Amino acid sequence: MVNLHDMERVYTQHAQEVYRYLLSLSHSEDLAEELTQETFFRAMRTIDNYDGSCKLSVWLCQIGKHLWYQWLDRHTRWKPVELTEDVPGAPSPEQSVLLRMEKTELYKAIHTLPEAMREVVHMRLTGEFSFSEIGEILGKSENWARVTFYRAKKKIMEEIMSSNQ
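All residue numbers refer to position in the chain's written sequence, counted from 1. Selection of residues for local features in this predicted model requires a pLDDT of at least 70, selection of side-chain atom pairs for listing and counting requires 80 or more, and totals for whole chains, interfaces and linings are taken over all residues. Side-chain descriptors were evaluated using all non-hydrogen atoms of the structure, hydrogens and water having been removed beforehand.

## Let's talk about the overall build of the chain
Secondary structure is summarised from DSSP: a helix means a run of H or I of at least four residues, a strand means a run of E of at least two, and numbering begins at the N terminus for each. Within the chain, the regular secondary structure consists of 7 helices and 0 strands. Beginning at the N terminus, the succession of helices and strands in the chain can be written as α-α-α-α-α-α-α. With 165 residues in all, the chain has 33% of them scored as buried. For the area figures, the Shrake-Rupley method with a 1.4 Å probe applies, and any residue is considered shielded solely by the protein chains shown. Carbon and sulfur atoms form 53% of the exposed surface of the chain, whose accessible area is close to 11300 Å². Throughout, exposure labels follow a simple rule: accessible area from a 1.4 Å probe, protein chains only, divided by the maximum for the residue type, with under 20% read as buried, over 50% as exposed, and the rest as partly exposed.

Below is the structure:
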């Protein structure tokens, strides 16, 4: 059984890493913080299920990832776009729509990737994790993370090119 002192040590050692991982998934500091707290709460309740087959940080990130998926299931992903009056220097409504369409196309292409590639892309682009950190979090090597990211970029480009034809 893990005591409170041990869980405090686990939190101190791994909270920042779990937070950064969840930030890379959620793109929201507040949500990442909330999910990080919930991750450690769940970990404390289920620490007896940790079998040591992976690093503790990987186990914690997996709990966080499942909490993220649960959050997505409960909340809507789409927000209405509000048209506002022209502001000097701001994109026009037409430009905003085009940018949103390009973003949508990119995220659709990312969504078609296998889960491992999708995770690496999200962690690299939104969490700004290094390849070394990505490899460590996912229990793989730095080289694996680099190759996976490169292959994912290639697949994304192929997907976007094929959808534009």
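After that view, the rundown keeps rolling.
## Comments concerning the packing of aromatic side chains
Stacked, edge-to-face and tilted labels apply to pairs of Phe, Tyr and Trp rings (six-membered ring for Trp) whose centres lie within 6.5 Å, assigned for plane angles under 30 degrees, over 60, and everything in between, in that order. Using the criterion set out here, one finds 3 aromatic pairs in the structure. Between Trp-68 and Trp-71, the aromatic rings sit 5.6 Å apart at their centres with planes inclined by 10°, giving stacked as the arrangement. Here the residue Trp-68 and the residue Trp-71 both occupy positions in helix 3 (residues 56–74), the gap between them amounting to 3 residues, near one helical turn. Between the NZ or CZ atom of Arg-124 and the centre of the ring of Phe-131, over which it lies, the distance is 4.0 Å. Comment: the charge-over-ring label is applied if NZ (Lys) or CZ (Arg) is within 6 Å of the ring centre and within 35 degrees of the ring normal. Its end group placed over the ring of Trp-144, Lys-140 keeps NZ or CZ at 5.4 Å from the ring centre.

## A look at the packing of helix 5 (residues 115–125) against helix 7 (residues 142–163)
When two helices pack together, you describe them by how their axes are tilted relative to each other and by the distance separating the axes. Every axis corresponds to a line fitted to the C-alpha atoms, with the helix fit spanning only the stretch in contact, and the corresponding angles, defined between N-to-C directions, vary from 0 to 180 degrees. At their nearest, the axes of helix 5 and helix 7 sit 9 Å apart, and the two run at 100° to each other. The angle between helix 5 and helix 7 places the two elements in the roughly perpendicular class. In this structure, helix 5 contributes Ala-116, Met-117, Val-120, Val-121, Arg-124 and Leu-125 to the contact, and helix 7 contributes Trp-144, Ala-145, Thr-148, Phe-149, Arg-151, Ala-152, Lys-155 and Ile-156. Gly falls in the polar group here, along with every residue not listed as nonpolar (Ala, Val, Leu, Ile, Met, Phe, Trp, Tyr, Cys, Pro) or charged (Asp, Glu, Lys, Arg). A per-class count over the contact of helix 5 with helix 7 returns 10 nonpolar, 1 polar and 3 charged. The labels follow the angle: roughly parallel below 35 degrees, roughly antiparallel above 145, roughly perpendicular from 65 to 115, and oblique for the rest. Whether two residues are in contact is decided by their heavy atoms, any of which lying within 4.5 Å being enough.

## Digging into the side chain of Thr-39
Position of Thr-39 relative to the elements: it lies in helix 2 (residues 29–46). Not counting chain neighbours up to four residues away, the residues in contact with Thr-39 comprise Val-18, Leu-22, Leu-60, Ile-63, Gly-64 and Leu-67.

## Things to note about a negative patch on the surface
Note that patches include only residues with greater than 30% relative accessible area and no salt bridge, and the join distances are 9 Å for like charges and 5 Å for nonpolar side chains (Val, Leu, Ile, Met, Phe, Trp, Tyr). Basic side-chain nitrogens of Lys or Arg form a salt bridge, by our definition, when they fall within 4 Å of a carboxyl oxygen of Asp or Glu. Lys and Arg are tallied as positive, Asp and Glu as negative. Neither His nor the chain termini are counted. Here the site of a charge means NZ on Lys, CZ on Arg, CG on Asp, or CD on Glu. Among the surface-exposed residues, Glu-29, Asp-30, Glu-33 and Glu-34 lie close enough to one another that they form a single negatively charged patch. Along the chain, Glu-34 falls in helix 2.

## Overview of the packing of helix 2 against helix 3
Taken N-terminus to C-terminus, the directions of helix 2 and helix 3 make an angle of 120°; their axes are 9 Å apart at the nearest point. Classified by the angle their axes make, helix 2 and helix 3 are oblique. Crossing hand, helix 2 versus helix 3: right-handed. Within the contact between the two elements, helix 2 uses Leu-31, Leu-35, Glu-38, Thr-39, Phe-40, Arg-42, Ala-43 and Thr-46 and helix 3 uses Trp-59, Leu-60, Ile-63, Gly-64, Leu-67, Trp-68, Gln-70 and Trp-71. Each crossing is labelled by how the near helix is turned from the far one, with a counterclockwise turn of less than a right angle marking it left-handed and a clockwise turn marking it right-handed.

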